[in-house]
Amino acid sequence: MSTTEVGAVLGFITPPGCSPAHRSQSRRPASAYASRDFRRQPDCTLSCCALRPCPGSWKGRHMSTAKRRDPMSAVLRTRMELERQTQAAAKRYRGASFERQAAEKRLEAGTRFPDSPEALAARARRLLDRGGVPAAAVVESIRPDVLDVPDANERIIGVSKDLQAWSFLPRGIRAGGSIARISVRENGRELPLGTGFLVSPRLLMTNHHVLPDQESVQACFVEFNAQVTADNTPDAAVRLELDSGAFFLTDEHLDFTLVQIAADADSPAPGERFGWNRLSVQTGKLVIGEPVNVIGHPMGRLKEIAVRDNALQVRLDDFLHYKTDTEPGNSGSPVFNDQWEVVALHHSGVPKTDDQGRTLRKDGQIWQRGDGDDAIDYVSNEGVRVSSILKHLAAAPLGPGPRTLLAEMGADSGLHSGAVLPGPIETRAHVPAVPGREALAVRLGIAGRSSAFDRKHSLVFLHGRRQENKDPEVLRRKWSAGLNEGLTLAGITTVDPEDIWFPYYGDVLIQSISRHEAGSRPSAEAADEATGEVGAFDPGVAAMLSQLVAEAAEKEGMPQEEQLGTEGFGGAVLVGALRRQLAWLAAKTDLDEVTIEAILRDVAAYLKYPDVREAVLDCVLTTMPSTGKVTLVTHSLGTVVGMDLIHRLPPELEIELLVTTGSPLGMDAVYNRLLPPGPNRPDRVAHWFNAWCPTDTVAIGCPLKKVWTGELTDLAVANSRDRAHNIEEYLAHAEVAAKIGSTIFA
C-alpha cells in the first residue's frame, strides 16, 4: 500500500514532492484536499510573495482586497508551494554541480576547507574577533610551523572545528530556547506545520511555504519549550499566538516570512523571555567543509538537534547546500555554525533528479506520486542565506513603523537607520611619520547638529580602542543603532545619528603608539588574519600590561599558585604567569585571551606614554561642544580617556551625565594613573551611570561603587554570547538607554 493510500485510511495525506520532514510537518486531513482550485484570486493586486505593503498599509495586508478563500485553501497553497520550493532547490543543486564536484576533489586531495582564500580569511578574522575559537588552542596549533597567511587561516578554522570550549553546550541551549514549533488549527485538530525562531524581541522567522500569507497565520500558533528536559521528561510548553496584523513580511523566492508574535501589554516581549538570535549581514560565518547545526521540530516532534555529520557543500548567491546524515526537514529551522550564529534558514530537502529534472527514487527509477516520499533519494539540504534575507529586508520600501521593528534585530543586521544613509564627509589631520614610514593622514571626529535636543543639550559618544582605519560616520551610526534599539524598548523617542557628536581618535592612537614600537606593529587587518598579535613594545608597557592582567585575574578569583610558569611564545608577551592569567580570564569570562591581551595592552600604552595620552586628548578636544549641557557616553578605553578629558573641558560645559560601559576604571592600576590620580568622582559631573557585564573581562573591576567615591549608579547587564564587551549590546539595554534618553530629552 502506498503512502498516499495509507494516509487516506488514517485520515491523513502526504504532500508529494517534499522531503520526509517536510512530509511530516505538512500532514493534513484528507478532506483538506477536496478542493482543487489552486488559482490565484483575480482581484488580489499583489502576489503573496511581495515584500512590500499593499497600497495604504505597511502591514502587508495584500489579502484585504482579495475574495475570502475557502478555509482549506491556505493548507493547499502551503502544500503546492512546498513542492515548488523542492523542485527549485533540485534545479539549483544541478546547476551547482561543477562547484560541488570541484570542492569534493579538493576534499579528497586533503584540503579541509575547499573555499576561496578570501572566504577563509574572512572566516578566520571573524573567529578571532568574536572569540569563536579558543585562543590558547590557536597558539598551540600554529606555533610549531612557519605558515603563510592562507595556511594559518585554515589552521585557525580547523581548530574551531575540532575543539569546542565548554560554553559550546550552554550556548547551544540558549540558542535553542528561541526556537518554536508552528502548528495550525484545522477541523478541530492541531497539526504541526513547521519550525520558527525569534530574530528580535518580537519577530519570528520561518519559511514562506509554512506561513505564506496573513490568512494562513490566523489559524496558527507557536509553542516554545516544546522539548524534553535534562531528565528526558516533557517540558512545560508555552503557547503564544501570532499577530500578522501588527507585522507581516514574506518573500517567495527566498522562502522566508517574518511575523510578529502577539504579547500582552503587561508581559515581557517573547525575545526577552526565550532569547532571540542576532542575525548578521556580515561575511565570514561559514566556509565550505565546516559543519552546521540544525535545531527544529522534524516530523512535528519535540525539539531535536543535529550537531554533527553535517557539512557545507556549496555556497550560492542566496542559498547554501549542506549534506546531512540525519533526518531531513525542519522547515523554518535556523541553521547554525559552531559558534551558534545563524547562517541560513532551512527550507527544503534536495531530491536527486535526472537530466530532465524528474525526481528519482532510491532505486534509481523515476518517482511517481503513489510511491510515497520515503522512496525519494534525497542528496542534500538547502537553506536560505541569512545575509541575503537581511539585504532583501534592507532594500524593502517600508515606513517608520516597520523599520523600527526591524531595527530591533540589532546593529549587525544592517537594518538600523544608519545602514541606509549616505557616507561621511571626512575630516583628516596629519600625524608625524613613524621612522621608516610615510606620514599618514588620519580622520577626525564628526560634530553633531547645533539644533539637536532643542539646542539645550549635546550627546557625545567616545569610543574605545582598535577603531583605527574605520569610518567615524559608520561608527556613529552603529552606536546610534544600539542606543535606538534600547530607546525603543524603553518607549522613548529615538535619536538621529546626525545629532550626536562623535570624537574620533582611532588613527591617532594607533599611530602614536606605533612611534614607540618602531614600526613593528602591523595593520589591524594583518593582525586579524593571524592571531591578533600586533608586535613588540617596550618593557615598561609590558610590565604595566602584566600588572593589569594580574590584577584582573586576582579579582576573578585565580589562586596565586596557579599564576606560576615560564613558557614563552615567540616575541609576544604571552609568557609565564601572564599567559596563565590570560587563560584563566578567558575561561571565566566571554572574551578570548588574544582579545583580553590586546585591549589591556592599549590601555597600558595610553597610561604609560605621556605623548600618546596628549595626542589622544588633543584629538578628542577638536570635536567637542564648547558650551551647554553634555551627556558623555564612553566605552572601554574611552572611559579612561573620558575621565582624563573631563578635567580639560572648558568650564562653560556642564557634564549633566557621564555614562561608562565596559570600563576598566575599577582597577587600581588604571585609576591610580589618571590625571589626576585616584578613584575620586569629578565634582563637575552631575550624575554618573556605569553599566557593566559580568562576563566582560575589561569590566572586571566593577561594580565601580566598591572603589570610587561620590554619587554613582552601577547596573549589571547580561550581554549576548560572544558580545560581552560590545558597545551596541550595552546601549541596547532598555535601562541604559532610558538613562540617556531621560537626560537628553528632559
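Analysis parameters
- Residues numbered from 1 in each chain as written.
- Predicted model: local features only at pLDDT ≥ 70, side-chain atom pairs only at ≥ 80, totals over all residues.
- Heavy atoms only, no water.
- pLDDT = per-residue confidence, 0-100.
- Contact = heavy atoms within 4.5 Å.
- Pairing = 2+ DSSP bridges.
- Helix = DSSP H or I, 4+ residues; strand = E, 2+ residues; numbered from the N terminus.
- Polar contact = N/O pair within 3.5 Å; in protein donor to acceptor, adjacent residues only side chain to side chain.
- Phe/Tyr/Trp six-rings, centres within 6.5 Å; stacked < 30°, edge-to-face > 60°.
- Expected span 1.5 Å × (residues − 1).
- Buried < 20%, exposed > 50% of the residue type's maximum accessible area, 1.4 Å probe, protein only.
- Axes fitted to C-alpha atoms, helices over the stretch in contact; angles between N-to-C directions.
- Parallel < 35°, antiparallel > 145°, perpendicular 65-115°, else oblique.
- Nonpolar A, V, L, I, M, F, W, Y, C, P; charged D, E, K, R; others polar.
- Arc of directions from axis to C-beta.
- Salt bridge = Lys/Arg side-chain N within 4 Å of Asp/Glu carboxyl O.

**Q** Before we go on, may I ask you to explain the confidence of the model for the protein chain in this structure?
**A** Interpretation of this model should avoid reading the predicted coordinates in detail wherever pLDDT is low. Mean pLDDT for the protein chain: 76, with 73% of residues reaching 70 or above. Below pLDDT 50 for its whole length, residues 1-73 participates in 183 contacts with residues either more than four positions away or in separate chains. A low-confidence stretch, residues 418-441 (pLDDT under 50), is modelled with 42 contacts involving residues beyond four sequence positions or located in other chains.

**Q** I would appreciate a short explanation of the sheet that holds strand S24 (residues 713-716) in the present structure.
**A** Strand pairing in a sheet is mediated by backbone hydrogen bonds. Such pairs are either parallel or antiparallel. Taken in spatial order, the 6 strands of this open sheet run S20-S19-S21-S22-S23-S24, and their pairing is parallel. Either end of the sheet is taken by a strand with one partner, and the two such strands are strand S20 (500-501) and S24. Where strand S22 (residues 653-661) lies against strand S23 (residues 688-692), 4 bridges are found, and the strand directions are parallel. By the bridge assignment for S23, Leu658 is matched with Trp688.

**Q** Would you explain the side chain of Asp471 in this entry?
**A** Note that Asp471 resides in the loop between strand S19 (457-462) and helix H13 (472-490). In this structure the side chain of Asp471 is engaged in a polar contact, spanning 2.9 Å, whose partner is the backbone nitrogen of Glu473.

**Q** Looking at this structure, how should I read the packing of aromatic side chains?
**A** What describes a pair of aromatic rings is the distance from one ring centre to the other and the angle between the planes of the rings. Per the stated rule, a full pass over the model turns up 8 aromatic pairs. Plain terms: the ring middles of Tyr671 and Trp708 are 6.3 Å apart, the flat faces sit at 75° to each other, and that makes the pair edge-to-face. Taken as a pair, Tyr671 in helix H21 (residues 668-671) and Trp708 in the loop between S23 and S24 lie far apart in primary sequence, 37 residues in all. Taken together, the ring pairs connect Phe168, Phe336 and Trp340 into an aromatic cluster.

**Q** Would you take a moment to explain helix H4 (residues 97-108) for this structure?
**A** Given 3.6 residues per turn, any residue in an α-helix points the same way as the ones three and four places further on. Its 12 residues place the ends of H4 16 Å apart at the C-alpha level, agreeing with the 16 Å of an ideal helix rising 1.5 Å per residue. In the stretch just after H4, Gly110 is the one whose phi turns positive, near 105°.

**Q** Can you help me understand the pairing of S23 in this one?
**A** Two faces, one strand: in a regular strand the side chains alternate between the faces of the sheet. Most of S23 sits inside the fold, with 5 of its 5 residues counted as buried. Of the two faces of S23, the one lined by Trp688, Asn690 and Trp692 and the one lined by Phe689 and Ala691 are each fully buried. Sheet analysis places S23 next to S24, joined by 4 bridges and oriented parallel. Bridge pairing in S24 links Phe689 to Thr713.

**Q** Sorry, what's going on with the packing of helix H19 (residues 610-621) against helix H20 (residues 637-646) here?
**A** Helices that pack against each other are described as a pair by the angle of their axes relative to one another and the distance between those axes. Where H19 contacts H20, the two axes come as close as 10 Å, and the packing angle between them is 75°. Classed by the angle they form, the pair H19 and H20 counts as roughly perpendicular. Note on element contacts: H20 touches H19 through Val641, Asp644 and Leu645, opposite Arg613, Val616, Leu617, Val620 and Leu621. The residue inventory of the contact of H19 with H20, partitioned by class, reads 6 nonpolar, no polar and 2 charged.

**Q** What exactly am I supposed to notice about the environment of Asp309 here?
**A** In this structure, Asp309 sits in the loop between strand S11 (304-306) and strand S12 (310-315). Along the primary structure Asp309 and Asn293 are separated by 16 residues, whereas in three dimensions their C-alpha atoms are 9.2 Å apart.

**Q** Got a minute to help me understand the environment of Val670 in this structure?
**A** Within the secondary structure layout, Val670 lies in helix H21. Along the sequence, Val670 and Leu607 sit 63 residues apart, while their C-alpha atoms lie 7.7 Å from each other. Once residues within four sequence positions are removed from consideration, Val670 is found in contact with Leu548, Val603, Leu607, Val640, Pro664 and Leu665.

**Q** Looking at this structure, how should I read helix H23 (residues 734-744)?
**A** The set of residues buried in H23 consists of Val736, Ala737, Ile740, Gly741, Thr743 and Ile744. Within H23, the buried residues cover an arc of 165° as seen down the axis, which keeps them to one side.

**Q** Please explain unusual backbone geometry as it appears in this structure.
**A** It is generally the case that most residues other than glycine have a negative phi and that most peptide bonds are trans. Of note, the amide linkage connecting Leu675 to Pro676 takes the cis form, showing an omega dihedral of -5°. Relative to the helices and strands, Pro676 resides in the loop between H21 and S23. Each neighbour pair has its own omega, and for Cys702 with Pro703 the value is 0°, a cis peptide bond. When you line up the elements, Pro703 lands in the loop between S23 and S24. The backbone phi angle of Asn469 is positive, close to 65°, even though this residue is not glycine.

**Q** Got a minute to help me understand the sheet that holds strand S6 (residues 220-224) in this structure?
**A** Taken in spatial order, the 7 strands line up as S7-S6-S3-S4-S5-S9-S8 in an open sheet, and their pairing is antiparallel. One side of each edge strand has no neighbouring strand; the edge strands of this open sheet are strand S7 (238-241) and strand S8 (248-251). Going from strand to strand, the sheet's axes swing by 30° on average, the running direction of each strand aside. Sheet analysis places strand S3 (residues 179-186) next to strand S4 (residues 189-198), joined by 8 bridges and oriented antiparallel. Each residue of the ladder has a partner; that of Ile182, found in S4, is Gly194.

**Q** What is the right way to read the pattern of salt bridges from this model?
**A** Charged atoms that come close allow side chains of opposite charge to pair. Taken as a whole and assessed by the stated rule, the structure comprises 25 salt bridges. Close ionic contact of Glu223 with Arg239 constitutes a salt bridge, the shortest N to O distance being 3.9 Å. Here the residue Glu223 occupies a position in strand S6, and Arg239 occupies one in strand S7, the gap between them amounting to 16 residues. Assessed through its relative accessible area of 40%, Arg239 is described here as partly exposed. Linked by salt bridges that have partners in common, Arg278, Asp412, Glu485, Arg723 and Glu729 make up one network.

**Q** Can you walk me through the packing of H13 against H23 in this structure?
**A** Closest axis-to-axis distance for the H13/H23 pair is 8 Å, and the angle between their directions is 90°. Classified by the angle between their axes, H13 and H23 sit roughly perpendicular to one another. Across the interface between the two elements, Leu483, Gly486, Leu487, Leu489 and Ala490 from H13 touch Ala734, Ala737, Ala738, Ile740 and Gly741 from H23. Across the contact of H13 with H23, the residue classes tally to 8 nonpolar, 2 polar and no charged.

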